[in-house]
Amino acid sequence: MNRPSSAASKPPSSKFTRLAITHALMMGGDAAMVVSLADSFFFSVDLDAARTQVLLFLAISFAPFLFVAPLIGPMIDRVAGGRRLVIQIVAVARLVLLLLMARYIDGIALFPLVFASLVLQKTYVISKSSLVPSTVRNETELVEANSKLGLVSGLLGGLAVIPAAILLKTLGSGAALLYGAILFGGAFASARRLAPEVVAATAVGEQEAEDLHSPSLRLGAIAMTALRANVGFTFFHLAFWLRTFDNGTVLFGAAVGASGLATLTGNALAPRVRRMMREETMLASALIISAVAGIGLGVVGGPAAGIALAAVVNFVAALGRLGFESIVQRDAPEANQGRAFATFETRFQLSWAVAAFFAVAIQAPGAIGLILVGVGALGTLIHVRIRQQRPDDAPPIRSKRRRRRPPKGSARRTKGRKGARKKRPPTRRDPGTREPTRGPAPRSRSASERPRDR
């Protein structure tokens, strides 16, 4: 893990504390925004018109993200304070967006503002994930750090909902949005105190590329991509389906609250679960639970089933995330941790966006949408199992302990060749007569050195 010498003297605990405070404030601003939109034009517009606007702004907002993130990310990783600067820019931009939302709370302009905030939120998550490895002393503390970060942000983010709800009921959505803007302002101030870490000082090398394409890591990434896609699909599916009921806003609020509580619980239990089972088992179990819950609750149907599924998919996504991080630690120890997590987190966030787009586009009935979540998880599980049983399909991976072979004929290659042994026939002499015994005649030392002296 590459770290600049200027920040080496700072204790990792202080780095983690600063990142945790920043993350808690960002999550609090997110919660305030969601609460403030409960009585806004965003949830009162006609459903058909809302679908059209959501599809348009999802495409506009995430299309640049699909192409720019893989290009800009590596450049930011090699600049001191690059990811810290991204977090600061995101915090300021979201502050401005919430102020604009308060201004256009009853207009169609609210839609692009909301979805621009969603894009920035995903950008922040990627930058935060790349900074976490620089806040720990070694790779073994990484999962625990992510678990603690999720707990702290979940608890403080949940507490931030209370003032937002009070402001919403007493002064309206505008006041709740202004409160969220204040939280993002605090996040900006906290982000300025983050250490200017270099996520990756050099470009991706051959060994790092091999580490990041190991079979276990690739299959784990496939499973985690499906889990994150289920989260995005379920959120937007419920956002439209639950609104068809009389108390739709309350039901969707319950789904959001259940999702947050389930994520908090998953972050708390993930380290303990990891000690009980292998990382691959954690991801497989997450897919199995998602498949059973999606299909089973889809058969049951009803708003309660949708809220329960929202809790399940967020819970297993939290478990799967920490399990996948353990695989990165275990199977890619020579890869740059910060850059690796930024790369995979970008992929996971894009899967969330694509699944959200399809959730809005297909307009599936409520119960069918729940079943689709289960079918997607089941299909991913089958695909991963088939790939595990066909190791020949995976690209050949060279052992990380295997050294590069010296040129043919060199002394180093002869000396280091496995099984090669310098055979010198021993000169066996009789102790009493000092005469050589029968056997192969020894080679004279002077004879062996004569060509060299010439």
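Just so we're clear, the structure is a prediction, and the values are computed from it rather than from any experiment. All residue numbers refer to positions counted from 1 along the written sequence of the respective chain. Selection of residues for local features in this predicted model requires a pLDDT of at least 70, selection of side-chain atom pairs for listing and counting requires 80 or more, and totals for whole chains, interfaces and linings are taken over all residues. For the side-chain quantities, the full set of heavy atoms in the structure was used; hydrogens and water were omitted.

A.B. asks: Outline the overall build of the chain, listing residues and values.
C.D. replies: In terms of regular secondary structure, the chain is built from 15 helices and zero strands. Only protein chains enter the calculation, and the probe is 1.4 Å; a residue is then buried if its accessible area is under 20% of its type maximum, exposed if over 50%, and partly exposed in between. Counting across all 454 residues of the chain, residues that qualify as buried make up 48%. A sequence separation of at least 24 residues applies to 85% of the contacts in the chain between residues at least 6 apart. Here, Shrake-Rupley sampling with a 1.4 Å probe gives the accessible areas, and only protein chains in the shown set may cover a residue. Surface accessibility of the chain: about 23,000 Å² in total, with carbon and sulfur atoms responsible for 61%. Secondary structure is summarised from DSSP: a helix means a run of H or I of at least four residues, a strand means a run of E of at least two, and numbering begins at the N terminus for each. The contact definition used throughout considers only heavy atoms, calling two residues in contact when any of these lie within 4.5 Å.

A.B. asks: Could you give an account of the packing of aromatic side chains, with specific residues and numbers?
C.D. replies: Only Phe, Tyr and Trp rings are paired, with Trp represented by its six-membered ring, and only when their centres lie within 6.5 Å; those with planes under 30 degrees apart are stacked, over 60 edge-to-face, the remainder tilted. A complete count under the given rule lists eight aromatic pairs for this structure. Considering the side-chain rings of Phe324 and Phe344, the 5.0 Å spacing of their centres and the 80 degrees angle between planes classify their relative orientation as edge-to-face. One end of the pair, Phe324, is in helix α11 (residues 303-331); the other, Phe344, is in helix α12 (residues 337-362), with 20 residues separating them in the sequence. Given a relative accessible area of 5%, Phe344 falls into the buried group. Consider the rings of Phe324 and Phe348, whose centres lie 5.4 Å apart with planes at 80 degrees: the pair is edge-to-face. With Phe324 in helix α11 and Phe348 in helix α12, this residue pair connects regions lying 24 residues apart in the sequence. Overall, the relative accessible area of 3% leaves Phe348 in the buried class. One aromatic cluster in this structure is built from Phe235, Phe236, Phe252 and Trp352. Our definition puts a charge over a ring when NZ of Lys or CZ of Arg is within 6 Å of the ring centre and also within 35 degrees of the ring normal. The residue whose ring lies beneath Arg103 is Tyr104, and the NZ or CZ to ring-centre distance is 5.0 Å.

A.B. asks: Before we move on, can you summarise the pattern of salt bridges with the specific residues and values?
C.D. replies: Each salt bridge in this description consists of a side-chain nitrogen of Lys or Arg and a carboxyl oxygen of Asp or Glu lying within 4 Å of one another. If you walk through the whole model with that rule in mind, you get four salt bridges. Here Glu345 and Arg228 are joined by a salt bridge, their closest N and O atoms 2.9 Å apart. Highlighted residues: Glu345 in helix α12 and Arg228 in helix α8 (residues 215-241), separated in sequence by 117 residues. A relative accessible area of 10% means that Arg228 is categorised as buried. Of the charged contacts, one joins Glu280 and Arg278 as a salt bridge, the two residues approaching to 3.0 Å between their closest N and O atoms. According to the relative accessible area criterion, Glu280 is partly exposed, its value standing at 21%.

A.B. asks: Tell me about the environment of Val132, residues and numbers included.
C.D. replies: For Val132, the location among the structural elements is in the loop between α4 (110-131) and α5 (142-170). For the pair Val132 and Lys15, spaced 117 residues apart in sequence, the C-alpha separation works out to 9.1 Å.

A.B. asks: Could you give an account of the nonpolar core, with specific residues and numbers?
C.D. replies: What tends to happen in soluble globular proteins is that the nonpolar side chains get buried as a cluster. Nonpolar cores are built from buried Ala, Val, Leu, Ile, Met, Phe, Trp, Tyr and Cys residues. Side-chain atoms within 4.5 Å join them into one set. Core analysis: the largest hydrophobic core is formed by 57 residues, its most contacted members being Met26, Met101, Leu217 and Phe324. Broken down by element, the residue count for this core peaks at seven residues, all from helix α3 (residues 82-103). Those residues in contact with Met26, other than ones at most four positions away along the chain, are Val90, Ala91, Tyr124, Phe184 and Ala187. By size, the runner-up hydrophobic cluster in this structure holds 31 residues, among which are Leu242, Leu297, Ile307 and Ala356.

A.B. asks: Describe in detail the packing of helix α9 (residues 248-276) against α11, supporting the description with residues and values.
C.D. replies: The convention used is that axes are lines fitted to C-alpha atoms, helices contributing only their stretch in contact, and that angles between N-to-C directions extend from 0 to 180 degrees. Contact geometry of α9 with α11 gives a least axis separation of 7 Å together with a crossing angle of 30 degrees. In terms of orientation, α9 lies roughly parallel with respect to α11. With respect to the hand of their crossing, α9 and α11 are arranged in right-handed fashion. Residue composition of the contact of α9 with α11, grouped by class: 17 nonpolar, eight polar and two charged. Any angle that falls under 35 degrees is termed roughly parallel, while one over 145 is termed roughly antiparallel, one within 65 to 115 roughly perpendicular, and all others oblique. Handedness of a crossing is defined here by the sense of rotation of the near helix relative to the far one, left-handed for an anticlockwise turn of less than a right angle and right-handed for a clockwise turn. Ten residue types, Ala, Val, Leu, Ile, Met, Phe, Trp, Tyr, Cys and Pro, are classed as nonpolar, four, Asp, Glu, Lys and Arg, as charged, and the remainder, Gly among them, as polar.

A.B. asks: Explain helix α10 (residues 279-300) residue by residue, including any values.
C.D. replies: The end-to-end C-alpha distance of α10 is 31 Å, a good match for the 32 Å that 22 residues give at a rise of 1.5 Å each. Taken residue by residue, α10 has Glu279, Met282, Leu283, Ala284, Ala286, Leu287, Ser290, Ala291, Ala293, Gly294, Leu297 and Gly298 as its buried positions. Lining the buried residues of α10 we find α8, α9, α11 and α13 (366-389). Trailing α10 by a residue or two, Gly301 shows a phi angle of about 75 degrees, which is positive. Expected helix span is taken as 1.5 Å per residue step, with the number of steps being one fewer than the number of residues.

A.B. asks: Describe in detail the side chain of Lys128, supporting the description with residues and values.
C.D. replies: Looking at the secondary structure, you find Lys128 in helix α4. In this structure, Lys128 is in contact with Leu19, His23, Ile87 and Leu149, ignoring residues within four places of it in sequence.

A.B. asks: Pulling in residues and values, what's your account of helix α6 (residues 173-191)?
C.D. replies: Here α6 is 19 residues long and its end C-alpha atoms lie 27 Å apart, about the 27 Å a rise of 1.5 Å per residue gives. For α6, the full list of buried residues reads Ser173, Ala175, Ala176, Leu177, Tyr179, Gly180, Ala181, Leu183, Phe184, Ala187, Ser190 and Ala191.

A.B. asks: I'd like to hear about the confidence of the model for the chain, residue by residue, with values.
C.D. replies: For the chain, per-residue confidence averages 76 on the pLDDT scale, and 72% of positions sit at 70 or higher. The secondary structure element of the chain with the lowest average pLDDT is helix α15 (residues 445-453), at 43, and the one with the highest is α10, at 93. How sure the predictor is of each residue is captured by pLDDT, a score from 0 to 100. Of the regions scoring below 50 in pLDDT, residues 393-423 engages in 20 contacts with residues more than four places distant in sequence or in other chains. Every residue in residues 427-437 scores below 50 in pLDDT, and together they form twelve contacts with partners more than four places removed in sequence or on other chains.

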